[in-house]
Amino acid sequence: MEQNKEEKQQIKVSYTETSALYASQFIINTSEEDVTINFSSGPMSDPAGETTVLPIHTRIAMGKEGAKRLHAVLGRVLSQSADGEKVPKISQAQLPKMDS
């Protein structure tokens, strides 16, 4: 008799950097193999001229499969918040409590 048992794997997340940069703008570059997302806090006027500059502070590259997973997760999170549902606690990043 075969048991249909779902195994849960625990993964410990370790943050190299715990600060976050705000991004209100992004630019996407794609190739056959990957997707690169360029993040910016927003456009700025160039003080030396009459142009507007979009300074990129972070670039993230991923394969097409990773981009599809990111798209699916973002879609679920945004649809839950649009429905008034809270994101389940288990899906939220947990930072360790630190003694002061």
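Overview of the structure. (Residues numbered from 1 in each chain as written. Predicted model: local features only at pLDDT ≥ 70, side-chain atom pairs only at ≥ 80, totals over all residues. Heavy atoms only, no water.)

### Regarding the sheet that holds strand S2 (residues 34-40)
At step 1: In spatial order, the strands read S1-S2-S5; together these 3 strands make up an open sheet with antiparallel pairing. Looking at the sheet topology across the chains shown, the edges are occupied by strand S1 (25-30) and strand S5 (58-63). Between one strand axis and the next, the sheet turns through 20° on average, direction left out of account.
At step 2: Taken together, the 6 bridges between S2 and S5 define a ladder with antiparallel strand orientation. Residue pairing in the sheet places phenylalanine 39 in a bridge with threonine 58 of S5. (Pairing = 2+ DSSP bridges. Helix = DSSP H or I, 4+ residues; strand = E, 2+ residues; numbered from the N terminus. Axes fitted to C-alpha atoms, helices over the stretch in contact; angles between N-to-C directions.)

### Notes on the pairing of S2
At step 1: Here S2 lies mainly inside the structure; 5 of its 7 residues are buried.
At step 2: Note: S1 against S2, 6 bridges, orientation antiparallel. Within S2, the residue paired with threonine 30 across the bridge is valine 35.
At step 3: Taking the residues between adjacent antiparallel strands as the criterion, S1 and S2 are bridged by 3 residues. (Buried < 20%, exposed > 50% of the residue type's maximum accessible area, 1.4 Å probe, protein only.)

Everything listed here is a matter of geometry and, on its own, says nothing about what the molecule does.
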